[in-house]
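What follows is each chain in one-letter form.
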Amino acid sequence: MADIAKLVEELSKLTVMEAAELSKALEEEWGVSAAAAVAVAGPAAAGGGDAAEEQTEFDVILTGDGGKKIQVIKEVRAITALGLTDAKALVEGAPKPIKEGVNKAEAEEIKAKIEAAGGTVELK
């Protein structure tokens, strides 16, 4: 059996683009879709009443560069630790997620940084 800690370490080194490619490859290999898992889990989570309505995890989505592509690329690199090529591809491919599953405070901080650089951000 594979060493779990070693796998976690290797996966942590992936860029956003590499992680997306990995996700697609695993979906094809196993014949499943991440969207299907979310669809199945969605109704169960909604049945929780008031506790389920308080969102605790947010996705920070870059919606545009506001005409200041270079500044936004620099900020995306600082936030995500992506290389120049990957950060440029992310900014040019907007709308794209910058970070997913972060708490509200971190999401708001990222939003403020991107907006200060001239970009536009949406929290989901």
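Engineer: Can you walk me through the overall build of the protein chain in this structure?
Structural biologist: Within the protein chain one finds seven helices and three strands. Reading the protein chain from its N end, one meets helices and strands in the order α-α-α-α-β-α-α-β-α-β. Within the span of the protein chain, comprising 124 residues, buried residues form 19% of the whole. Of the contacts formed within the protein chain by residues at least 6 apart in sequence, a portion of 66% connects residues at least 24 apart. A total accessible area of about 8,500 Å² is found for the protein chain, and carbon and sulfur atoms account for 56% of it.

Engineer: Even after reading the chapter, I still don't get helix α2 (residues 16–30), so can you show me in this structure?
Structural biologist: Given 3.6 residues to a turn, an α-helix orients residues that are three or four positions apart in the same direction. The terminal C-alpha atoms of α2, which comprises 15 residues, lie 21 Å apart, in line with the 21 Å expected from a rise of 1.5 Å per residue. Following α2 by one or two positions, G31 adopts a phi angle in the positive range, close to 70°.

Engineer: Could you clarify how one ought to interpret the pattern of salt bridges in this entry?
Structural biologist: A side chain of one charge can pair with a side chain of the opposite charge if their charged atoms are brought near each other. If you walk through the whole model with that rule in mind, you get seven salt bridges. Between K69 and E92 there is a salt bridge whose closest N-O contact spans 3.0 Å. Of the two residues, K69 sits in helix α5 (residues 69–80) while E92 sits in helix α6 (residues 84–92), which places them 23 residues apart along the sequence. Given a relative accessible area of 42%, E92 falls into the partly exposed group.

Engineer: Can you walk me through the sheet that holds strand β1 (residues 58–64) in this structure?
Structural biologist: Pairing between the strands of a sheet is mediated by backbone hydrogen bonds and can be parallel or antiparallel. Taken together, three strands build an open sheet; the order of strands is β2-β1-β3 and the sheet is antiparallel. Two strands close off the open sheet at either side, each with one partner strand: β2 (96–102) and β3 (120–123). On average, each strand axis in the sheet is tilted by 20° relative to the strand beside it, whichever way the strands run. Summarising the sheet, β1 and β3 pair through four bridges and their orientation is antiparallel. From the neighbouring strand, G64 faces β3, where its bridge partner is T120. Where helix α7 (residues 104–117) meets the sheet, its contacts fall on β1, β2 and β3, and the angle it forms with β3 comes to roughly 165°.

Engineer: Looking at this model, I keep getting lost on the side chain of T80. Mind explaining?
Structural biologist: Note on placement: T80 falls in helix α5. Since its relative accessible area comes to 17%, T80 is described here as buried.

What counts, and at which threshold
- Sequence order sets the numbering: in each chain, residues are counted from 1 along the sequence as written.
- Note on the predicted model: pLDDT of at least 70 is required for a residue's local features to be given, and 80 or more for side-chain atom pairs to be given and counted; whole-chain, interface and lining totals, by contrast, use all residues.
- Just so you know, side-chain values use all the structure's heavy atoms and leave hydrogens and water out.
- Helical segments are the DSSP runs of H or I of at least four residues, strand segments are the runs of E of at least two, and each set is numbered from the N terminus.
- Classification of residues uses two cut-offs on accessible area relative to the type maximum, computed with a 1.4 Å probe and protein chains only: under 20% is buried, over 50% is exposed, and between them is partly exposed.
- Contacts are assigned to residue pairs with any non-hydrogen atoms lying within 4.5 Å of each other.
- Using the Shrake-Rupley algorithm and a 1.4 Å probe, accessible areas are obtained, with residue cover drawn only from the displayed protein chains.
- Here, expected helix span is obtained from the residue count minus one, scaled by 1.5 Å.
- Salt bridges are counted wherever a side-chain nitrogen of Lys or Arg sits within 4 Å of a carboxyl oxygen of Asp or Glu.
- Two strands are counted as paired when DSSP detects at least two bridges linking them.
- An axis is simply a line fitted to the C-alpha atoms; with a helix, the fit covers only the stretch in contact. Between two such axes, the angle follows the N-to-C directions and lies from 0 to 180 degrees.

Keep in mind these values describe shape, not function.
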